[in-house]
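Chain and residue survey
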Amino acid sequence: YEYLKAKYTRKRDLLANALTNAGFAVPDYSKTPGGGFFIFARAGKEIVDAIPSKYLMAENDAAPGGVARQDWALCQWMAEEIGLLCIPSSPFFSLAKAEQGASDSFIRVAFCKNDETIEAAAKALEKLKNIEAGAGESYNATVASAAGDLN
C-alpha cells in the first residue's frame with residue numbers, strides 16, 4: 001500500500017502548500033502525524049481580518065450554540081465568494097471551548113480529492129493572497145459588481 005501513502009502524501013502536500021501560500025498555517029508533517037484525509041489549518045490575521053462582517057456572529061442553526069463564530073463565518077465566506085468549501089472546526093471542540101473561541105481560527109480541508117479538484121482549490125486560495133487586511137468588504141463589493149456586470 002505504499003502507492004496509496006505516496007498518492008495521498010502528494011495530495012496533502014499540494015493542498016498544504018496552497019494553504020500556506022494563501023496565509024494559513026498548517027502542521028509540519030515531518031514532525032506531526034498526519035492521519036486521515038484532512039488538513040487542520042489556522043487562518044492568518046490577514047485572512048481573519050478580511051472576513052466580511054455580515055458572516056460573523058450571524059445566526060446559524062447548524063453552528064454550535066446557534067451562532068456562526070469566526071470558523072463558520074470563514075467557511076461560509078470562502079464557499080460563497082472564494083469558491084472553496086471547507087469544514088468549520090468548532091464541531092470538533094466542546095461547546096464550552098468553541099464558545100471561548102478555541103476553534104475560531106481553524107478550518108478543516110479535505111485532500112481526498114482528485115487532482116483537478118485540488119488544483120481548483122489552489123487557484124481559489126490564490127484569491128486570498130490578493131485580499132489585504134480589512135479589505136473583505138471592498139473585495140465583496142467588487143465581486144458583487146462584477147457579478148452584476150455578467151447579468
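Structure's up top.
Presented here is a report on the structure given in the accompanying data block. (Residues numbered from 1 in each chain as written. Predicted model: local features only at pLDDT ≥ 70, side-chain atom pairs only at ≥ 80, totals over all residues. Heavy atoms only, no water.)

1. Overview of the environment of Thr117
If you trace the backbone, Thr117 turns up in helix H5 (residues 115–129). Judged by its relative accessible area of 38%, Thr117 is partly exposed. Each C-alpha atom of the pair Thr117 and Leu84 lies 9.9 Å from the other, and the pair is 33 residues apart in sequence. (Helix = DSSP H or I, 4+ residues; strand = E, 2+ residues; numbered from the N terminus. Buried < 20%, exposed > 50% of the residue type's maximum accessible area, 1.4 Å probe, protein only.)

2. Structural notes on H5
With 15 residues, H5 should cover 21 Å at 1.5 Å per step; its first-to-last C-alpha distance of 22 Å lies within 8% of that length. For H5, every residue scored as buried is listed here: Ile118, Ala121, Ala124, Leu125 and Leu128. Across the axial projection of H5, the buried residues extend over an arc of 120°, all falling on one side. In H5, the exposed residues that point more than 90 degrees away from the buried face are Glu116, Glu119 and Lys123. Those residues of H5 hidden inside the fold are in contact with helix H1 (2–22), strand S1 (24–25), helix H2 (45–50) and helix H3 (70–82). The residue sitting at the N-terminus of H5 and contributing the capping side-chain oxygen is Asn114; that oxygen lies 3.2 Å from the backbone nitrogen of Glu116. (Expected span 1.5 Å × (residues − 1). Arc of directions from axis to C-beta. Contact = heavy atoms within 4.5 Å. Polar contact = N/O pair within 3.5 Å; in protein donor to acceptor, adjacent residues only side chain to side chain.)

3. Quick word on the sheet that holds strand S5 (residues 87–88)
One open sheet holds the four strands; their spatial order is S1-S2-S6-S5, and the pairing between them is antiparallel. Each of the sheet's edge strands pairs with one partner strand only, and the pair in question is S1 and S5. Pairing analysis gives two bridges linking S1 to strand S2 (residues 38–43), with the strands arranged antiparallel. The partner of Phe24 across the bridge, within S2, is Ala43. (Pairing = 2+ DSSP bridges.)

Any functional reading would require information beyond the geometric quantities listed.
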